[in-house]
Structures are given as C-alpha cells and as structure tokens.
Amino acid sequence: MVDMDKIVSLSKRRGFIFQSSEIYGGLGSAWDYGPLGVELKNNVKRLWWRDNVHLRDDMVGLDAAITMHPKVWEASGHLASFADPFTGCLDCGRHYRADHVEEARKNSKWWQKLTEARGKGTWSAVINWVKGDGKKLAPNLASVKQAEVFSKRDFSGHPEPHQISESEFMKQVGGVDSLCPSCGGKLSEPRPASLMLETSLGPVQETATKTYLRPETAQGIFVNFDNVLQASRKKLPFGIAQIGKAFRNEITPGNFTFRTREFEQMEIEYFCMPGTDEEWHQKWVDERFQWYQRYGIQKDNIRQRRHEPDELAHYAKGCVDIEYLFPMGWSELEGIANRTDYDLRQHSQFSGKALEYFDEESKQKIVPYVIEPSAGADRSTLAFLVDSYHEEEVREEKRVVLKFHSELAPLKIAVLPLLKKNDRIVETAKQLTANLRQRWYTVYDDTASIGRLYRRQDEVGTPFCVTVDVQTVGDDKAPADEKVTIRDRDTMEQVRVSISALEPVMEKLMAGKWAEVAQEHGIKRT
Ligand code: GAP
C-alpha cells in the first residue's frame, strides 16, 4: 500500500489537490481540488448520480440549501447529540477525539521509541531514553520533565518495565495512564464537543438568525419529502438522492482529505414500507459494495463492517460501513444505515406538517422507513486515487502510473506529435485533438520528448495516448498512411489504426476492449 505522503506529493505536483490558502501558510484540514482533481471528483459524482438516479426508475434527485431553518437541527437531534468526546493536553494544548487518542499515542514516534526501550527489559534502558531521546520526542512526559528525580528512583524490587501492564507503565513514566500523543503531557477528562458549525444570517449581529451549516445533506431530503412526493408522484419504495457540501467542526481532522471540516456527501434516502426495511438495507449494502469495485477498487482493499449496537447513531436501527484500506488503515468510506421512520416523525412533530404516504392498497397513511446509503465524495475520490496508484519498473526506471477506470480518469486521451517541428504532424495532431474532444476530454501536448510525455500521462492516469508521426502525414520518401498509434496506459502496448477509424476504436477502448482492438489491428510494439 502506498503511503499517504506520496499521494499528497503527487496530488500537488500534478494538480489534483492543493492545500487551501497555501500562500498564507495554509488552512489546516481544508483542501482545494486542482485542474485534474476537479475532473476526478466530478467524475466520481457524475458516475454516482448516473448509476443511482438516471439508471433507476425508483430514484429522483434534489439539491437543497446548505443553510436550513434552525428548528431542523432540533428536530433531527443534532443539536442535542451530534458531538464527539474530546480531550485536551494540559501541557501543549492540543485537542484530540477521546476515542482516537489511544491509537494516536500508540502510533506516535515517542511512544514507539519508548516501547523499544521498555522492551530491553530493564528500567535503566527506560531511564537512558528519558534522559536522551525523550527530551526531544516527549518533552512534557512527567519522567522527562523530571529526568533527574526519575533517574534516581529506586526500582529494585520493582518488576521490570516489560513485566507490568501498559497502563501501569504509563503511570510510572507519565504519572497518569492517558498521555498526549504529541508531547507526552497529561490529558484532561473527556467531554463532549458539538460538531455543528454555527453561522448567522443577516447583516446585523444582534438581529441575525443563528443557524448552522448542515452537518449532513440528509435533512434537506427529509424536510422536502412531501414536496418531492407530490411533484414526482412516486410510489414506495423510492429514493431521493443528493450531492452537496456538509460541514463539521471535527476535533481532529487529518489524513489528507479523509477527514476535513468542509466536505461533500453523496446521500440517498430510500423510502420503503415498514417491514421491508431490512431487505432493502441488505440490497443497498450489496449495491454500494459492488459500485466501488465496478470502478476499479480492488476487492482486497474493501470490506463491510456491521456496527455494534453501542456505536449506532441516535437515529439508526442498524448500520453497515463500507471500509477501504487507506494508507492509515481500514477506515469508513460510506455508511449504510437503517434510519427507520425517525426523521420523518421528528420533522412532522416539530413542524406540525404530516410527512406521510398514502398506501393505495391498504387505504392507510403510513410513515415510510428509510434506508440511507451515505457516501463521501472526497473520501471516494481519495480511495480511487490511492487504489489507482502503482509503481512499476520499466527498463530499469521507476514508472508511476495511476490505473484509473476510464470513466474516472480526469483526462481520457492525450494527442502527442512525435516531432513538434513538423507542421503537418502538429496540424494533424491538433485537428485530431479538436475532433476527439467532442466526445472525450482530450489534451494536446508537445512540450517534451515522447518518452517523457508518455510518463507524464501515466502519472495522471490518462488511459490512451494517440501519437502522430511522419508515417501518418507522409514525407518525400513515402506517402501518408493516415494512421496513428494508440498506446494503452496499463500494458504500454500499442496499436496502429486509421484516423478514419479512430472514434469507433476509441469507443471500444473506453469500454475496456483493448484485447479486441489489439487482435483486430495487431500490436505494433511495446
Ligand atoms: N447522513 C448520515 C451521515 O452523515 P456519516 O457516517 O456521518 O453519516 C457519511 O457520514 C459519509 O460522509 C462518511 O462515510 C464519509 O464518507 C463522509 N464524511 C463524514 N464526515 C466526514 C469528514 N469530516 N470529512 C470527509 N468526509 C466525511
């Protein structure tokens, strides 16, 4: 698995993702999508929308406002309970999610080095660390702060450091068994921190309406349930899909675009008859699990995890996470929850407007149950980026290649002139670019030698390069053959096809039929 630093560096170098406000020193946890990043993310969202809305009879779309009536958040329960427990370091002042802090401490450099010293099996090895590396790595660890006192402690008759529990060891070196992952200082008692990002609408602070930037797109769907039902005349089961920004005042954003305070969700609220909800839940889990693999996520890198009852959100009867093996480990990509009739009932109660469905068969009004596949557009984009990353050795050189599915690739075709000083080659290449661009995002590039141009396109995941050479346009020695070379990104194989056949051939290639095309036109050379 590639490490995240390589992804961050490639993203910046090739224009996928930049640090937000970088020229001002950057804003932690906010990221901007560059020229290729915006294409990739748009492709993720387009495929999600196409597959979940356009290709289904039982779905419609919605685009609700980010700011909503403040009562929405009372009704949804977010104001009362959308919070994470956090803890702060009493020494360096850093904050952590209380449920993540233990893992962060275990992964910290200071703890790992101290654990090595502990593993040597004597207190003198620990004392050496405290007086040496500890000063730099964990300056606020109690034993480091008072290294002289600690080094004179009498450990005789005391079990050796590897013979005591981890929590006892922490108390010995840090005074408490909950220590700061950054500096080794003492952590405060955990308390809840609301994740809601407050804002006010109106020019005068005193009279402005206080509200929140939505923490999930879902509520825009619930409050529009009746509008959509009346306008679309859909019958149960049916779903409403929405893609849009959401905001959370995360305590510990990080891991590149994985956890940020501003992000984009792709959510479906699928309304069904009570009693059919379990069946629909399973169907959506299967569908969404397949979706990622359909667009290239390798099956060993994706898995399902059912929530334990004690981790379910306040509205959920059941939830299955789709997890991806990100560089930092298995983490949530999408959650598929059974939200029951909780939200429609809450909004009916708080707004006084019935949110019901009239069932023609039983002639009764019912409150539908809801299955919610809720994906992150940024996390999906990151997963597709990470999964596509490959390093290979080609002719004793490292080749970095992003093996995107052709539907996801930011650029679909690059047209490359073999000689940029030959006017006929350049003119033909530019004309081809203009023609292909009508169907696929195509770029023209003549700014380097052909080998470098291929590597550049490999590194941004362009599935096909089309090369125009002397044979294509002819010269004094030979007439034009009016053929071009197409190179496949993944195999680096090449075929030579007539310009007149280029579009139908490209259509086959975009559909993944390289082998068929190669058989028809013959492999040129590799
Ligand atoms: N409406 C349900 C809901 O919002 P969630 O599990 O909190 O459920 C759904 O969020 C998805 O939104 C997550 O699986 C993730 O992909 C994305 N997401 C949530 N918080 C995020 C954050 N801070 N940064 C980036 N993506 C986030």
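Bear in mind the structure is a predicted one, so any value in this text is a computation, not a measurement. (Residues numbered from 1 in each chain as written. Predicted model: local features only at pLDDT ≥ 70, side-chain atom pairs only at ≥ 80, totals over all residues. Heavy atoms only, no water.)

**Section: the environment of Thr 485**
So, step 1. Along the polypeptide, Thr 485 turns up in strand E22 (residues 483-488).
So, step 2. C-alpha separation for the pair Thr 485 and Arg 496, spaced 11 residues apart in sequence, amounts to 4.4 Å.
So, step 3. The contacts of Thr 485, once residues within four sequence positions are left out, are Cys 465, Val 466, Thr 467, Asp 469, Gln 494, Val 495, Arg 496 and Lys 524.
So, step 4. At 2.9 Å, the side chain of Thr 485 forms a polar contact with the side chain of Arg 496. (Helix = DSSP H or I, 4+ residues; strand = E, 2+ residues; numbered from the N terminus. Contact = heavy atoms within 4.5 Å. Polar contact = N/O pair within 3.5 Å; in protein donor to acceptor, adjacent residues only side chain to side chain.)

**Considering the site of the ligand**
So, step 1. With respect to spatial proximity, 21 residues lie near the ligand, and among them Glu 216, Arg 248, Thr 260, Glu 267 and Glu 332 are the closest.
So, step 2. Take Glu 267: an N or O atom from its side chain is 2.5 Å from a nitrogen atom of the ligand.
So, step 3. Glu 372 places a side-chain nitrogen or oxygen 2.9 Å from a nitrogen atom of the ligand.
So, step 4. For the ligand, the accessible surface in isolation is 560 Å², of which the surrounding protein chains cover 92%. (Near = heavy atom within 4 Å. Areas by Shrake-Rupley, 256 points an atom, 1.4 Å probe, with all protein chains shown as cover.)

**Details of the sheet that holds strand E23 (residues 494-498)**
Neighbouring strands of a sheet are bound in pairs by backbone hydrogen bonds; such pairs are parallel or else antiparallel.
So, step 1. Pairing in this open sheet of 5 strands is mixed, and the strands run E20-E19-E21-E22-E23 from one edge to the other. Of all the strands in the sheet, the pair left with one neighbour each is strand E20 (442-444) and E23. Sheet twist, expressed as the average angle between the axes of neighbouring strands with direction ignored, equals 25°.
So, step 2. One ladder, built from 4 bridges, connects strand E21 (residues 464-468) with E22; its direction is antiparallel. (Pairing = 2+ DSSP bridges. Axes fitted to C-alpha atoms, helices over the stretch in contact; angles between N-to-C directions.)

**Observations regarding the sheet that holds strand E12 (residues 318-326)**
So, step 1. Overall, mixed pairing links the 7 strands, which are arranged E3-E9-E10-E16-E13-E12-E11 in an open sheet. Bordering the open sheet on either side are strand E3 (59-62) and strand E11 (302-306), each of which pairs with just one other strand. The average angle at which neighbouring strand axes cross in this sheet is 25°, direction not considered.
So, step 2. Taken together, the 6 bridges between strand E10 (residues 262-272) and strand E16 (residues 369-376) define a ladder with antiparallel strand orientation. Looking at E16, one finds that Met 266 is bridged to Ala 375.
So, step 3. Here helix H14 (residues 277-294) sits on the sheet and contacts E3, E10, E11, E12, strand E13 (329-340) and E16; the angle it forms with E13, its principal contact strand, is near 150°.

**Considering the pairing of E22**
So, step 1. Taken across its 6 residues, E22 has 5 buried, putting it largely inside the fold.
So, step 2. In terms of strand pairing, E22 meets E23 through 5 bridges, oriented antiparallel. Looking at the pairing, Val 484 lines up with Val 497 of E23.
So, step 3. Remark: 5 residues form the turn of the hairpin made by E22 and E23, two consecutive strands paired antiparallel; Met 492 in that turn has positive phi of roughly 65°. (Buried < 20%, exposed > 50% of the residue type's maximum accessible area, 1.4 Å probe, protein only.)

**As for unusual backbone geometry**
So, step 1. Cis peptide bonds are those with omega within 30 degrees of zero, and the linkage from Leu 236 to Pro 237 qualifies with -5°.
So, step 2. Tracing the backbone shows Pro 237 in the loop between helix H13 (225-232) and strand E9 (238-247).
So, step 3. One non-glycine residue, Lys 363, adopts positive backbone phi at about 55°.
So, step 4. Mapped onto the elements, Lys 363 comes out in the loop between strand E14 (357-359) and strand E15 (364-366).
So, step 5. Located in the positive-phi region is Met 492, a residue other than glycine, with phi close to 65°.
So, step 6. On the secondary structure map, Met 492 appears in the loop between E22 and E23.
So, step 7. With relative accessibility at 18%, the residue Met 492 sits in the buried group.

**So, helix H15 (residues 342-351)**
So, step 1. Along H15, the positions that sit buried rather than exposed are Asp 343, Leu 344, Gln 346, His 347 and Ser 348.
So, step 2. In this structure, the buried residues of H15 make contact with helix H3 (70-76), helix H12 (218-223), H13, E10 and E13.
So, step 3. Just downstream of H15 lies Gly 352, where phi reads positive at about 80°.

**What to know about the packing of helix H20 (residues 502-510) against helix H21 (residues 514-521)**
So, step 1. Where H20 meets H21, the axes come as close as 8 Å, and the angle between the chain directions of the two elements is 140°. Taken together, the axis directions place H20 and H21 in an arrangement best described as oblique. In this structure, H20 contributes Val 505, Lys 508 and Leu 509 to the contact, and H21 contributes Trp 514, Glu 516, Val 517, Glu 520 and His 521.
So, step 2. Looking at the contact of H20 with H21 residue by residue, the classes come out as 4 nonpolar, 1 polar and 3 charged. (Parallel < 35°, antiparallel > 145°, perpendicular 65-115°, else oblique. Nonpolar A, V, L, I, M, F, W, Y, C, P; charged D, E, K, R; others polar.)

**Describing the packing of aromatic side chains**
We describe a pair of aromatic rings using the distance from one ring centre to the other and the angle between the two ring planes.
So, step 1. Counting across every chain of the model gives 21 aromatic pairs.
So, step 2. Summarising the aromatic geometry, the rings of Trp 123 and Phe 155 are spaced 4.2 Å apart at their centres and angled 5° between planes, so their arrangement reads as stacked. Of this pair, Trp 123 sits in helix H7 (residues 123-131) while Phe 155 sits in the loop between helix H10 (147-151) and helix H11 (166-174), placing them 32 residues apart in sequence.
So, step 3. A ring pair is formed by Phe 225 and Phe 238, whose centres lie 6.2 Å apart and whose planes are at 20°; its orientation type is stacked. (Phe/Tyr/Trp six-rings, centres within 6.5 Å; stacked < 30°, edge-to-face > 60°.)

**Quick look at helix H2 (residues 35-54)**
So, step 1. Under the 1.5 Å per step criterion, the end-to-end length of H2 is 27 Å for 20 residues, consistent within 8% with the ideal 28 Å.
So, step 2. Those residues of H2 that sit buried are Leu 36, Gly 37, Leu 40, Lys 41, Asn 43, Val 44, Lys 45, Leu 47, Trp 48, Asp 51, Asn 52 and Val 53. (Expected span 1.5 Å × (residues − 1).)

**Some remarks on the packing of H2 against helix H16 (residues 377-388)**
So, step 1. For the pair H2 and H16, the least separation of the axes is 9 Å and the interaxial angle reads 110°. In terms of their interaxial angle, H2 and H16 are classed as roughly perpendicular. When you trace H2 past H16, the crossing you get is right-handed. Judged by residue contacts, Leu 40, Lys 41, Val 44 and Lys 45 of H2 engage Ala 377, Asp 378, Ser 380, Thr 381, Phe 384 and Leu 385 from H16.
So, step 2. The residue makeup of the contact of H2 with H16, split by class, is 5 nonpolar, 2 polar and 3 charged. (Left-handed = near helix turned anticlockwise from the far one by under 90°.)

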